[in-house]
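Residue-level structure breakdown
Each chain, written out:
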Amino acid sequence: MHTNSNQDTRMTQSFPSQLQLIGFCLAYAACCFDSPAQMGNFADPHPVKRELTVHWLETPPKIDGDLSDEVWQRLPRVTGMVDITFRHAYVVDQTLFTVAYDRENMYIGVDCRDRTPEKIKATVTERDYPFWAARDDTLELFFDIDNTGKKLIQIVTNPLGTEWDWRKDQSAGRGSKTRWNGTWRVGAQRTATGWTAEFAIPFADMEMGTPATGDRLKSNLARYRRSSAADPFSSWAVVQTSFHASKYYGDWIFGSPGETAGREDETAVNEEFVLSEQ
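Report follows, based on the coordinates. As the structure is a prediction and not an experimental result, all values here were calculated from the model. (Residues numbered from 1 in each chain as written. Predicted model: local features only at pLDDT ≥ 70, side-chain atom pairs only at ≥ 80, totals over all residues. Heavy atoms only, no water.)

Time to look at the nonpolar core. Counting 42 residues, the largest nonpolar core has Met106, Ile108, Phe143, Phe199 and Trp252 as its most contacted members. Once residues lying within four places of it in the same chain are set aside, the contact partners of Phe143 are Met106, Ile108, Lys151, Leu152, Ile153, Ile155, Ile201, Met206, Leu217, Lys218, Ser219 and Trp252. Within the second largest apolar cluster, nine residues are counted, among which are Ile63, Leu67, Trp72 and Ala100. (Core = buried A, V, L, I, M, F, W, Y, C linked by side-chain atoms within 4.5 Å. Buried < 20%, exposed > 50% of the residue type's maximum accessible area, 1.4 Å probe, protein only. Contact = heavy atoms within 4.5 Å.)

What follows covers unusual backbone geometry. Excluding glycine, residues mostly have negative phi values, and the peptide bonds linking residues are mostly trans. The backbone of Arg135 shows a phi angle near 60°, a positive value even though the residue is not glycine. Tracing the backbone through its elements, the reader meets Arg135 in the loop between α4 (131-134) and β5 (138-144). Look at Arg135 and you get partly exposed, because its relative accessible area is 43%. Of note, Asn147 is a non-glycine position whose phi angle comes to about 60°, a positive value. Position of Asn147 relative to the elements: it lies in the loop between β5 and β6 (151-157). Note on Asn147: relative accessible area 39%, which makes it partly exposed. (Helix = DSSP H or I, 4+ residues; strand = E, 2+ residues; numbered from the N terminus.)

Our next topic: the packing of aromatic side chains. All chains considered together, the criterion is met by 15 aromatic pairs. Both rings, one in Phe203 and one in Phe254, keep their centres 6.0 Å apart while their planes meet at 65°; by these two values the pair is edge-to-face. Linking Phe203 in the loop between β10 (194-202) and β11 (216-224) with Phe254 in strand β13 (residues 250-254), this pair joins segments that are 51 residues apart in sequence. No difference in accessibility class separates Phe203 from Phe254, as the two residues are buried. These aromatic residues form a ring-pair network of at least three members: Phe142, Tyr224, Phe233, Phe243 and Tyr249. Here the guanidinium or amino end of Arg167 rests over the ring plane of Trp180, the centre of that ring lying 5.4 Å away. (Phe/Tyr/Trp six-rings, centres within 6.5 Å; stacked < 30°, edge-to-face > 60°. Lys NZ or Arg CZ within 6 Å of the ring centre and 35° of its normal.)

As structure tokens, then:
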């Protein structure tokens, strides 16, 4: 995938006017290119159960890794990634993301901020080749599809948009783990401030129909930064030790088609996380 320099410039210029979380994660992500856009000092969060809204949309985005689509520019982003050590401290290089859905799919737009984008590694192009063997930077999604921890799906990509997926099914006993291939799609590209990705995940992949308003899906988004020695692993949910610890996943709550959430709601959305964890 190529870097879209026009998109990077447009996004960077728009951040200061959109975000008011001075002292919070989004305020630090709002800085311009030539400053440490992801830096900030935050109180260690307590292991609370997190929630976010999955926003209804009428027109799906193009899955190419370019976050200039109307939906990603309009809807609020979530942030507040923490490390997975016992400290659960907010990481310096934050990730911002939005989750939306229509009748067939769930869509996720992700902005992975990085102070040293030149050190981002992406070499794997073959589906299901282990990114960890190549030590690529990765973005990972986890879904507890029956809310019991017995049926888990893991979806992973790198900055090249390569696909890796896995599922576990222990609903009928011990069960099995398999290199299952779903029909989900992803697009990714490098940017001047890190890299971005877009996912389209059919509900059929998760053995679901179209969710009703208020339905909940236990989920998590996590990230691996190869160049970071201090906090290489970060997670939206405050998990204990492992990304696979599904009992710590947060709730993704499907919103009403009539909702009117917008980018102006980012302060309130993320302030709830920060204030509840200080």
